[in-house]
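Now for the letters of each chain:
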Amino acid sequence: MTQQIIREAPAPDPLEGQQTNEFFYVPAPNEPILNVNNIQGNILGGFNKDYQALLFLEIENPNAFKHWLESQIDFIATASEVIAFNRLFKSARKRRGREGAVKATWVNIAFSFEGLKKLTNDADSFTDESFKAGLAARAADLNDPVDKDGKPIGWIVGVPDNGKTDVVFIIASDDRADLLAEVSRILESIVVFTDDEGKSKSSGARITFLEEGANLPPPLSGHEHFGNLDGISQPGIRGRVADNPKELLTPRQNPENKNQGKPGQDLLWPGEFVFGYEGQNNDAKTLEDSKGQVVSAGLHWANDGSYLVFRRLRQDVYKFHHFLNEKAANLNTDPRKVSAKLIGRWPSGAPTVRTPEKDAPQLGDDDNANNDFEFNGDDPPKDNFFKNDVVPPSDDATGLRCPFIAHTRKTYPRNDKTPGGGGPGPEEIDRSEVTTQTHRLLRRGIPYGPVSASTPNNPLKDEKFVDRGLHFLAYQTSIVDQFEFVTKFWVNNPEFSKEAATGHEFEGKLTLGHDPIIGQSANNKPNGDRTRKFFIHLEDDQGKPQTQELTAPEDWVIPTGGGYFFAPSISALKEVLTK
C-alpha cells in the first residue's frame, strides 16, 4: 500500500508544545519573543533542504518591479513556517525511520544596497559600510585575487560585467522536481507578468544569474566536495518563538550548562543575527553575562531583517587531495589524517580534539557530542603523545590535537586566547571568549556541481574542467564585524592567534599560519605569490610524533562570485519596498 506523502508544512501551530522530555527544560522568561511571523525563514530556522537554487535579478524599472514584487510576497517563507516544518520533519523521520514523509518548498529574498536604493529613498541610512560598498569592492581587502585596479578576477556573478545583482531569491526544496517547478513559476512570472485583471505588464526585472546547488549523494550526504561533513558548529540563539516560556528557538539539551543548546553550543543573543533584538555585549567580563543593547541597522523598517553574505567558492578537489597524499607520504601517515589536522575534524565530523589520531564515526554522528569540546586547557597526554576518545570536557591549549591553523579553530577559536582577551591576566580567557562570540555567523551553504571521483588516498584529476564548489551563505547583523572580521583577522592572518600559541612553540617557532582551507595570501595582484604556510602535529604510522610546517603553493578554494545583501522582514516587503 502506498503511503500518503504530505507535501507541505502545516500551519505554525505545531510550535506549541514541541519540546519533549529529551530536552532539559530551562525557564527563559527574560529572553525575547522573536517575531517569527515577520522574519524570513532561512535566517533563524534554516531551510536545510537537499536542493537549492539561487536566482539573481537586476531591477530595470523600479516602479514596475514593485508591482511584481508585491505579487511574490505571499510566497516568501517565514521563520514560523520553517521552524514548524523542521520540527515536524525531524519528528516524522525519528518515528518512521526514514526521510520523505513530509516535504516542503521554500522561497526567501534579499536585496543588495544598490537594489534597495532603487526601491526606497532612505537606503543610505544603513550603517554597515561594507554592505553599502558591496563584496566586489571589498574583494581586495579579503585577499581575493584581483587585477591591477582591484577588480575581482574570475567572477561569474556579482560584478557589473556579468549583470547587476540587485536581488537574490533563494529557492529550496526536499524534491528537485518541486524545486524546478517553483523556479519556473518565478521565471515565468518575470517574463510574463499579469496583474489581477489578467493584463500583461512588465515585471521591471531582468534575470542575470541562476544556479542550482544540492546536497551531495551518498556516501557524501551532508559533506562538502573535499569529503568532510559540513555545517556542524552553528551558534545557539536565545529567544522564544511563542509566549509559552517552553517554546525556545534553540532547545536546551545540555543539563550541565544552561547557557548552551546542545553540548558545546553556546547561546548567543539574537541581535547578532536579526535586527531589533539585543545582541552580545563586547565589553562583558563573562559569556554567561553578555547581554548587550538592541542592535539596529540604522532604519526602523530593517528590524526583523538580516544581512546575507553570498560567496561562490570553487573547490579544486584534485589539487587538495594531491596535496594531502603527497604530504602524507612525507609524514609516513594516512592522507585522511593530514586532512583531519588541516580541518580540525575527521570526514565523519568527529573533532580531532576528542579523537586526534583516528576517525570515530559514531562520535561524528552524535550531534550531542561532536561539538562538545573547548580549546583552552589541556587533557594530559597518554603514553608518549596523544589519546583518543577523550571524555568531555576536552581541551587542547597546546594545539597538538587540533593545530592552531585548523580550519575549525581559525574560523571559531572558542575559548582560545585571542587579541580580544586584552593581554595576560586573570580575565584573558573569559574576555577572549566574550569577544569571539561577537564574530559568529549563521551559515546556510550548500554544494554546487557534480561529485569528484577523487579521494585523499587516490587523487584523480578530471579529464576536462569541472566547476564544483560551495554556495557559501551566511546571515549576520554586521558584515564588518562578523564575516569580514573572521576573514581578515582570523582566516587570512598567519599570526592568529599568537596569544594562544605563545608558550607552545616548536623549536622556538609559533606553530601558526593561514587557514589551509579558505585562507588566502595577501599577494593577490596578478602574478602574485599565493603560497601559504602552516604547522600541523600528528603521530605517524609508527606512533612517532611529527610536527612540520607545510607549504601550499596555490589555492584550493577560489572565489568566483558573490555579494552582500539584506534580507528584509515580511512587513518591510509589504509596507516599504513595494510602496
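Residues numbered from 1 in each chain as written. Predicted model: local features only at pLDDT ≥ 70, side-chain atom pairs only at ≥ 80, totals over all residues. Heavy atoms only, no water.

With respect to the packing of aromatic side chains
Any two aromatic rings considered together are summarised by their centre-to-centre distance and by the angle between their planes.
Part 1: Inspection of every chain in the model, using the stated rule, returns 27 aromatic pairs.
Part 2: An angle of 75 degrees between the planes, with centres 5.9 Å apart, marks the rings of F113 and F131 as edge-to-face. Linking F113 in helix 4 (residues 113-119) with F131 in helix 5 (residues 129-133), this pair joins segments that are 18 residues apart in sequence. F131 carries the same exposure label as F113, and that label is buried.
Part 3: Put simply, the rings of F113, F126, F131, F275, W301, Y307 and F566 pair up and form one aromatic cluster.
Part 4: Positioned above the aromatic ring of F75 is the side chain of R185, whose terminal nitrogen or guanidinium carbon lies 3.5 Å from the ring centre.
Part 5: The lysine or arginine in question, R440, covers the ring of Y412, its NZ or CZ lying 3.6 Å from the ring centre. (Phe/Tyr/Trp six-rings, centres within 6.5 Å; stacked < 30°, edge-to-face > 60°. Helix = DSSP H or I, 4+ residues; strand = E, 2+ residues; numbered from the N terminus. Buried < 20%, exposed > 50% of the residue type's maximum accessible area, 1.4 Å probe, protein only. Lys NZ or Arg CZ within 6 Å of the ring centre and 35° of its normal.)

Topic: helix 3 (residues 79-96)
Part 1: Across its 18 residues, helix 3 extends 25 Å between first and last C-alpha, which sits within 8% of the 26 Å expected from 1.5 Å per residue.
Part 2: Among the residues making up helix 3, those that are buried are A79, S80, V82, I83, A84, F85, N86, R87, F89 and A92.
Part 3: Residues of helix 3 that are buried sit in contact with helix 1 (41-44) and strand 2 (105-111).
Part 4: Within two residues after helix 3, G97 carries a phi angle of roughly 75 degrees, on the positive side. (Expected span 1.5 Å × (residues − 1). Contact = heavy atoms within 4.5 Å.)

As for empty space enclosed by the protein
Part 1: This model, assessed by the stated rule, comprises one cavity of 30 Å³ or more.
Part 2: When its volume is computed, the largest cavity comes out at roughly 40 Å³.
Part 3: What lines the largest cavity is simply F404, R409, K410, P413, D416, F496, S497 and A500.
Part 4: Per-class residue counts for the lining of the largest cavity are four nonpolar, one polar and three charged. (1 Å grid on protein atoms, 1.4 Å probe; cavity = no way out; pocket = protein on both sides within 12 Å on 5 of 7 lines; lining within 4 Å. Points joined across faces, edges and corners; volume = space filled by probe spheres on them. Nonpolar A, V, L, I, M, F, W, Y, C, P; charged D, E, K, R; others polar.)

Concerning the packing of helix 8 (residues 317-331) against helix 9 (residues 335-343)
Part 1: Orientation of helix 8 relative to helix 9, taken along the N-to-C sense of each, is 110 degrees, at an axis distance of 8 Å. One way to sum up the angle between helix 8 and helix 9 is to call them roughly perpendicular. Counted together, F320, F323, L324, N325, A328 and L331 of helix 8 and P335, V338, S339 and L342 of helix 9 form the full contact between these two elements.
Part 2: Here the residues of the contact of helix 8 with helix 9 sort into eight nonpolar, two polar and no charged. (Axes fitted to C-alpha atoms, helices over the stretch in contact; angles between N-to-C directions. Parallel < 35°, antiparallel > 145°, perpendicular 65-115°, else oblique.)

So, a nonpolar patch on the surface
Part 1: A surface patch of nonpolar side chains, amounting to about 270 Å² of accessible area, comprises V191, V192 and I207.
Part 2: Within the secondary structure, V191 is located in helix 7 (residues 176-191).
Part 3: Residue V191 is classed as exposed on the basis of its relative accessible area, which comes to 63%. (Patch = residues over 30% accessible without salt bridge, like charges linked within 9 Å, V, L, I, M, F, W, Y side chains within 5 Å. Areas by Shrake-Rupley, 256 points an atom, 1.4 Å probe, with all protein chains shown as cover. Salt bridge = Lys/Arg side-chain N within 4 Å of Asp/Glu carboxyl O.)

Things to note about a negative patch on the surface
Part 1: A surface patch of negative charge is lined by E288, D289, E427 and D430.
Part 2: Positionally, D289 belongs in the loop between strand 9 (278-280) and strand 10 (291-294). (Lys, Arg positive; Asp, Glu negative; His and termini not counted. Charge placed at Lys NZ, Arg CZ, Asp CG, Glu CD.)

As for the pattern of salt bridges
Part 1: Evaluation of the coordinates by the stated rule reveals 33 salt bridges.
Part 2: A salt bridge links R138 to E484, with the nearest nitrogen and oxygen atoms 2.7 Å apart. Pair noted here: R138 is in helix 6 (residues 135-138) and E484 is in helix 13 (residues 483-491), with a separation of 346 residues, a long-range link. Each member of the pair, R138 as well as E484, carries the same accessibility label: buried.
Part 3: With its nearest N and O atoms 3.7 Å apart, the salt bridge here joins D555 to R532. Here the residue D555 occupies a position in the loop between strand 16 (545-552) and strand 17 (557-567), and R532 occupies one in strand 15 (residues 532-539), the gap between them amounting to 23 residues.
Part 4: Each of E31, R238 and R252 takes part in salt bridges that share partners, so that together they form one network.

Some words on the side chain of S497
Part 1: As for its position among the elements, S497 is in the loop between helix 13 and helix 14 (498-501).
Part 2: Ignoring any residue separated from it by four or fewer positions in sequence, one finds S497 in contact with K417, T418, P419 and L512.

Here's the deal with the side chain of E357
Part 1: Tracing the sequence through the fold places E357 in the loop between helix 9 and helix 10 (361-365).
Part 2: For E357, a relative accessible area of 11% puts it in the buried group.
Part 3: Within the structure, the side chain of E357 is placed 3.2 Å from the backbone nitrogen of E539, a separation counted as a polar contact. (Polar contact = N/O pair within 3.5 Å; in protein donor to acceptor, adjacent residues only side chain to side chain.)

Looking at the confidence of the model for the chain
Low pLDDT marks stretches whose predicted atomic positions should not be read closely.
Part 1: Chain-level pLDDT for the chain is 91 on average; 93% of the residues reach the 70-or-more range.
Part 2: Across residues 1-21, where pLDDT falls below 50, the model places 39 contacts with residues more than four positions away in sequence or in other chains. (pLDDT = per-residue confidence, 0-100.)

Some points on the pairing of strand 2
Part 1: The buried count for strand 2 comes to seven of seven residues, which makes it a mostly enclosed element.
Part 2: The side-chain alternation of strand 2 yields two buried faces, one formed by T105, V107, I109 and F111 and the other by W106, N108 and A110.
Part 3: Where strand 2 meets strand 3 (residues 167-173), seven bridges bridge the pair, whose relative direction is antiparallel. Each residue of the ladder has a partner; that of F111, found in strand 3, is V167. (Pairing = 2+ DSSP bridges.)

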